[in-house]
Amino acid sequence: MAQTTRSAAANGPDGQRAPAPPPKGFRSAELGWPELHRIPHPPRRLPVVGDILGANVRTPLQDSMKLAEQLGPIFRRKAFGKEFVFVWGADLAADMADESRFAKHVGLGVANLRPVAGDGLFTAYNHEPNWQLAHDILAPGFSRDAMAGYHPLMLDVARQLTARWDEREAAGRAVDVPGDMTKLTLETIARTGFGHDFGSFERSAPHPFVSAMVGTLSFAQRRNVVPPLLTPLVLRGADRRNDADMAYLNRTVDAVIAARRAEGAPGSGDSGDLLDRMLQVAHPETGERLTPENIRRQVITFLVAGHETTSGALSFALHYLSRSPKVLARARAEVDEVWGTEGEPAYEQVAKLRYLRRVLDESLRLWPTAPGFAREARTDTVLGGEHPMRRGAWALVLATMLHRDPAAWGEHPEEFDPDRFAPSAVRARPAHVFKPFGTGARACIGRQFALHEATLVLGLLLRRYDLHADPGYRLRVAERLTLMPDGLTLRLSRRARAA
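Residues numbered from 1 in each chain as written. Predicted model: local features only at pLDDT ≥ 70, side-chain atom pairs only at ≥ 80, totals over all residues. Heavy atoms only, no water.

Trainee: Which parts of the structure should I look at to understand the overall build of the chain?
Mentor: When helices and strands are tallied, the chain shows 20 helices and 12 strands. Taken against the 2.2 N^0.38 rule, which gives 23 Å for 499 residues, the C-alpha radius of gyration of the chain at 23 Å falls within 12% of a compact globule. Each principal axis of the C-alpha atoms in the chain carries an extent, and together these give about 65 × 55 × 50 Å. Sequence-distant contacts in the chain: of pairs separated by 6 or more residues, those separated by 24 or more amount to 73%. When the accessible surface of the chain is split by element, carbon and sulfur atoms take 53% of a total near 21500 Å². Averaged over its 65 positive side-chain charges, the chain has a centre that lies 3 Å from the centre of its 58 negative ones. (Helix = DSSP H or I, 4+ residues; strand = E, 2+ residues; numbered from the N terminus. Rg over C-alpha atoms; globule rule 2.2 N^0.38 Å. Contact = heavy atoms within 4.5 Å. Areas by Shrake-Rupley, 256 points an atom, 1.4 Å probe, with all protein chains shown as cover. Lys, Arg positive; Asp, Glu negative; His and termini not counted. Charge placed at Lys NZ, Arg CZ, Asp CG, Glu CD.)

Put into structure tokens, the structure is as follows:
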């Protein structure tokens, strides 16, 4: 994790005072790319409406993946006056990972979440000071010692999942993988980070927080693809529902914070959870603290991002494991060997599941649940030595295609092969070609939390169950800013040793 100070956030990478921030709001590509005409776009572009022929408003990412295959490592799309540049070639993506020349860009989809998440860690603009303040205060909450403290709570939530799956297995009924992974990861981040129990496994339907969260993500996705002039008409009813969803998220989080304040301060916050740190810990150098409004925004950010992406990663991994018998057998054998006769693993034993971690990484390679990230030029520069960019010009790095670039991943990048992440294979690959958590100073602060949780849960499930895929199921990917397998179910049978 980056440990830069707030003063560094105000300065450029060379320590000089940074220039004023780029203008807010959407900036169409023609404003920042002087030679935009050299970047290919889809054929049959229409006046005014742009590249909408064949587009599906429900699957904009997967549409862009198809265009990427046709148009190459950098291309552009235009719709209703908005032009976007997409990058996915390994060399170009590595160029954009250079923190001295590029920084995070809060793109259209992320900006659409600012009404609810504001200047939280994920949605803050680079020039907003609260993201660095929050980062520096919260980073110790993801240290090794902190992670070891979360481990028993993760196990407790996993027991709720296996109890539910035991019931389904005994009744001969399939399990709803994305639904149950969402319950698991919401409870995990809520309990470890904020001491709150949503009671997800006691409900037959998703918790209202999940429904509101999905509503806000889906609304942000729709705003990406609906022309601004049509928004009042097309999204009129959806706009009202989104307001209600945001209000519910705010009320829920306010109640969590109020309950913690009522409990009183347990100490300095250093030995507590993320909420303790937000409420009690000052910045180690400046003495500044997070404001009440920003604390709310950070809690919403962690509850949404901290469970939505991990649930998708687990769901995709279980899909591939259920359809790859040799991989599943090898991963299970590793779990049995490393964990031995222990009923549940100690914290240190999870990191020893190196092959299972490769399974998770390979699933994240094919379907990174945060499927792209935007980068903007800090100063005038030239991308890849070929495409000039003005300061503030931006592009969306398509991680789903970067992770499929044959230049980095070989001739058959669509194949599921966890050995791509064997140490020798990782060393042989170029840098910056695997980016499921973003890049640079603004990369996901909770990466190690998510990987520990996901590896632990996969190990527990493989140790306990045989997984049986529905032979008629074909992977469908639902898009709501994050990615999730749509309609994925599995049938289970208890392993003899787990009976």
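Trainee: Help me out: how do you make sense of the sheet that holds strand β12 (residues 489-494) in this one?
Mentor: Sheets are built from strands that pair by backbone hydrogen bonding, the pairs being arranged parallel or antiparallel. Strand order across the open sheet formed by three strands is β4-β12-β9, with antiparallel pairing between neighbours. The strands lining the two open edges of the sheet, one partner per strand, are β4 (175-176) and β9 (465-469). Here β9 runs beside β12; their pairing, made up of five bridges, is antiparallel. What sits directly across from Tyr-465, in β12, is Arg-494. Seen against the sheet, helix α20 (residues 447-464) touches β9 and β12 and runs at an angle of roughly 90° to β9. (Pairing = 2+ DSSP bridges. Axes fitted to C-alpha atoms, helices over the stretch in contact; angles between N-to-C directions.)

Trainee: Is there a simple way to think about unusual backbone geometry in this case?
Mentor: Negative phi characterises most residues that are not glycine, and trans characterises most peptide bonds. A positive phi is found at Phe-80, a non-glycine position, where the angle reads about 50°. Here Phe-80 lies in the loop between β1 (74-79) and β2 (82-87). Look at Phe-80 and you get partly exposed, because its relative accessible area is 34%. Look at His-432: it is not a glycine, yet its phi comes out positive at around 65°. (Buried < 20%, exposed > 50% of the residue type's maximum accessible area, 1.4 Å probe, protein only.)

Trainee: Just checking my understanding: could you explain a positive patch on the surface for this structure?
Mentor: A contiguous patch of positive charge, built from Arg-58, Arg-222, Arg-236, Arg-240 and Arg-241, is present on the exposed surface. Tallying contributions element by element places helix α11 (residues 236-263) first for the positive patch, with three residues. (Patch = residues over 30% accessible without salt bridge, like charges linked within 9 Å, V, L, I, M, F, W, Y side chains within 5 Å. Salt bridge = Lys/Arg side-chain N within 4 Å of Asp/Glu carboxyl O.)

Trainee: I keep staring at the environment of Arg-164 and nothing clicks. Help me out?
Mentor: Here Arg-164 shows up in helix α7 (residues 144-170). Sequence spacing of Arg-164 and Leu-356 is 192 residues, and the spatial spacing of their C-alpha atoms is 23 Å. If we skip the residues at most four places from it in the chain, Arg-164 touches Asp-180, Lys-183, Phe-201 and Arg-203.

Trainee: Would you mind showing me how to read the pairing of β12 here?
Mentor: Looking along a regular strand, one sees side chains alternate from face to face of the sheet. With two bridges joining them, β4 and β12 adopt antiparallel strand pairing. Pairing of Asp-176 across the sheet is with Thr-489, part of β12.

Trainee: Can you help me understand the packing of aromatic side chains in this one?
Mentor: For any pair of aromatic rings, the description consists of the separation of the ring centres together with the inter-plane angle of the planes. According to the stated counting rule, one finds 12 aromatic pairs in the structure shown. Ring plane angle 85° and centroid distance 6.1 Å describe the contact between Phe-84 and Trp-394, whose orientation is recorded as edge-to-face. One end of the pair, Phe-84, is in strand β2; the other, Trp-394, is in strand β8 (residues 394-398), and 310 residues separate them in sequence. One exposure class covers both Phe-84 and Trp-394, and it is buried. Put simply, the rings of Phe-142, Tyr-150, Phe-302 and Phe-449 touch in pairs and so form one group of aromatic residues. Over the ring of Trp-409 we find Arg-365; its NZ or CZ atom is 5.2 Å from the centre of that ring. (Phe/Tyr/Trp six-rings, centres within 6.5 Å; stacked < 30°, edge-to-face > 60°. Lys NZ or Arg CZ within 6 Å of the ring centre and 35° of its normal.)

Trainee: Is there a simple way to explain the confidence of the model for the chain in this structure?
Mentor: Interpretation of the predicted coordinates at a detailed level should be avoided for regions scoring low in pLDDT. Averaged over the chain, the pLDDT score is 91; the fraction of residues at 70 or greater is 92%. Here residues 1-10 is modelled with pLDDT under 50, and outside its nearest four sequence neighbours on either side it reaches 22 contacts, counting other chains as well. (pLDDT = per-residue confidence, 0-100.)

Trainee: What am I meant to see in a nonpolar patch on the surface here?
Mentor: A cluster of nonpolar side chains, Leu-46, Ile-52, Leu-53 and Phe-80, forms an exposed patch at the surface whose accessible area comes to about 300 Å². Its location among the elements puts Ile-52 in the loop between α1 (6-10) and α2 (60-71). Its relative accessible area of 31% is what places Ile-52 among the partly exposed residues.

Trainee: Is there a simple way to think about the pairing of β2 in this case?
Mentor: For β2, a buried count of six out of six residues is recorded, marking the element as mostly surrounded by other parts of the structure. Both faces of β2 are covered, namely the face carrying Lys-82, Phe-84 and Phe-86 and the face carrying Glu-83, Val-85 and Val-87. Bridge analysis of β1 against β2 gives six bridges, and the strand direction is antiparallel. Counterpart to Lys-78 in the pairing with β2 is Glu-83.

Trainee: Please explain the pattern of salt bridges as it appears in this structure.
Mentor: Where charged atoms from two side chains of opposite charge come close, those side chains can pair. Counting across every chain of the model gives 34 salt bridges. Notably, a salt bridge pairs Arg-464 with Asp-166, separated by 2.7 Å at the nearest N-O pair. Of the two residues, Arg-464 sits in helix α20 while Asp-166 sits in helix α7, which places them 298 residues apart along the sequence. Residue Asp-336 pairs with Arg-463 through a salt bridge whose shortest N-O separation is 3.8 Å. Here the residue Asp-336 occupies a position in helix α14 (residues 325-339), and Arg-463 occupies one in helix α20, the gap between them amounting to 127 residues. Comparing Asp-336 with Arg-463, the two get one shared label, buried. Linked by salt bridges that have partners in common, Arg-45, Asp-51, Arg-76 and Glu-83 make up one network.

Trainee: Can you walk me through the side chain of Asp-63 in this structure?
Mentor: With respect to the helices and strands, the residue Asp-63 is situated in helix α2. The side chain of Asp-63 is buried and forms no salt bridge, while Arg-77, the nearest opposite charge, is found at 4.4 Å. Reaching out from Asp-63, the side chain makes a polar contact with the backbone nitrogen of Asn-56 at a distance of 2.6 Å. Apart from the residues within four sequence positions on either side, Asp-63 is in contact with Gly-54, Ala-55, Asn-56 and Arg-77. (Polar contact = N/O pair within 3.5 Å; in protein donor to acceptor, adjacent residues only side chain to side chain.)

Trainee: Could you clarify how one ought to interpret α11 in this entry?
Mentor: What sets the pattern is the α-helix's 3.6 residues per turn: residues three or four places apart point alike. In a regular helix each residue adds 1.5 Å, so 28 residues correspond to 40 Å; α11 covers 42 Å between its end C-alpha atoms and thus fits that length. Every buried residue belonging to α11 is among Ala-238, Asn-242, Asp-245, Met-246, Leu-249, Asn-250, Thr-252, Val-253, Val-256, Ile-257 and Arg-260, and all of these are buried. The elements touched by buried residues of α11 are α5 (114-117), α8 (177-194), α9 (208-225), α12 (274-280) and α13 (292-322). Once α11 finishes, Gly-264 follows within two positions and takes phi at roughly 90°, a positive value. (Expected span 1.5 Å × (residues − 1).)

Trainee: Explain the packing of α8 against α13 to me, please; I cannot follow it from the model alone.
Mentor: Where α8 contacts α13, the axes come no closer than 8 Å and their chain directions differ by 140°. By the angle between their axes, α8 is oblique relative to α13. Judged by the twist between their axes, the crossing of α8 over α13 is right-handed. Two secondary-structure elements touch here, α8 through Val-177, Pro-178, Met-181, Thr-182, Leu-184, Thr-185, Leu-186, Ile-189, Ala-190 and Phe-194 and α13 through Val-299, Phe-302, Leu-303, Gly-306, His-307, Thr-310, Ser-311, Leu-314, Ser-315 and Leu-318. Its residues placed into classes, the contact of α8 with α13 shows 13 nonpolar, seven polar and no charged. (Parallel < 35°, antiparallel > 145°, perpendicular 65-115°, else oblique. Left-handed = near helix turned anticlockwise from the far one by under 90°. Nonpolar A, V, L, I, M, F, W, Y, C, P; charged D, E, K, R; others polar.)

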